[in-house]
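Close look at the chain arrangement
Residue-level listing of the chains:
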Amino acid sequence: LPAAVLLKDTKLMDVKLGQLGTWLAMRDFTPGGILGAMRRGYDRYYNKYINVRKGGLGGISMVLAGYIVLSYMWSYSHV
């Protein structure tokens, strides 16, 4: 039984192919469970990519690259 509890807490990427049916049977497919999973996924995405603690060169370079591509598209709209 402790192995089943551990299997319930594992992420999908860590589940072995033979355990997939058991893992899926343990999921909560009610509307509340699906909404909760979507909310957790959004929170994970938001905290990883949007709500970063420190800025770095990566964010600045992405904004600069976006500006360059956008200005190129405006200047050479016939291409």
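See above for the structure.
The sections below set out a description of the structure shown in this document. (Residues numbered from 1 in each chain as written. Predicted model: local features only at pLDDT ≥ 70, side-chain atom pairs only at ≥ 80, totals over all residues. Heavy atoms only, no water.)

1. Some words on the overall build of the chain
Secondary structure summary: the chain contains 4 helices and 0 strands in total. Tracing the chain from N to C terminus, the helices and strands come up as α-α-α-α. Of all 79 residues assigned to the chain, the portion counted as buried reaches 6%. Roughly 7,400 Å² of accessible area belongs to the chain as shown, and the carbon and sulfur atoms make up 67% of that amount. (Helix = DSSP H or I, 4+ residues; strand = E, 2+ residues; numbered from the N terminus. Buried < 20%, exposed > 50% of the residue type's maximum accessible area, 1.4 Å probe, protein only. Areas by Shrake-Rupley, 256 points an atom, 1.4 Å probe, with all protein chains shown as cover.)

2. Describing a nonpolar patch on the surface
A cluster of nonpolar side chains, contributed by Leu12, Leu17, Leu20, Leu24, Phe29, Ile34 and Met38, occupies part of the molecular surface with about 730 Å² of accessible area. Elements supplying a minimum of two residues to the nonpolar patch: helix H2 (20-25) and helix H3 (31-50). In this fold, Leu20 is placed in helix H2. (Patch = residues over 30% accessible without salt bridge, like charges linked within 9 Å, V, L, I, M, F, W, Y side chains within 5 Å. Salt bridge = Lys/Arg side-chain N within 4 Å of Asp/Glu carboxyl O.)

3. Some points on the packing of aromatic side chains
Counting across every chain of the model gives 2 aromatic pairs. Where Tyr72 meets Tyr76, the ring centres are 4.9 Å apart and the plane angle is 45 degrees; that geometry is what we call tilted. Judged by relative accessible area, Tyr76 falls into the partly exposed class, the value being 43%. (Phe/Tyr/Trp six-rings, centres within 6.5 Å; stacked < 30°, edge-to-face > 60°.)

4. Section: a positive patch on the surface
A cluster of basic residues, Lys11, Arg40, Arg44 and Lys48, forms a positive patch on the protein surface. Checked against the element boundaries, Lys11 lands in the loop between helix H1 (2-9) and H2. (Lys, Arg positive; Asp, Glu negative; His and termini not counted. Charge placed at Lys NZ, Arg CZ, Asp CG, Glu CD.)

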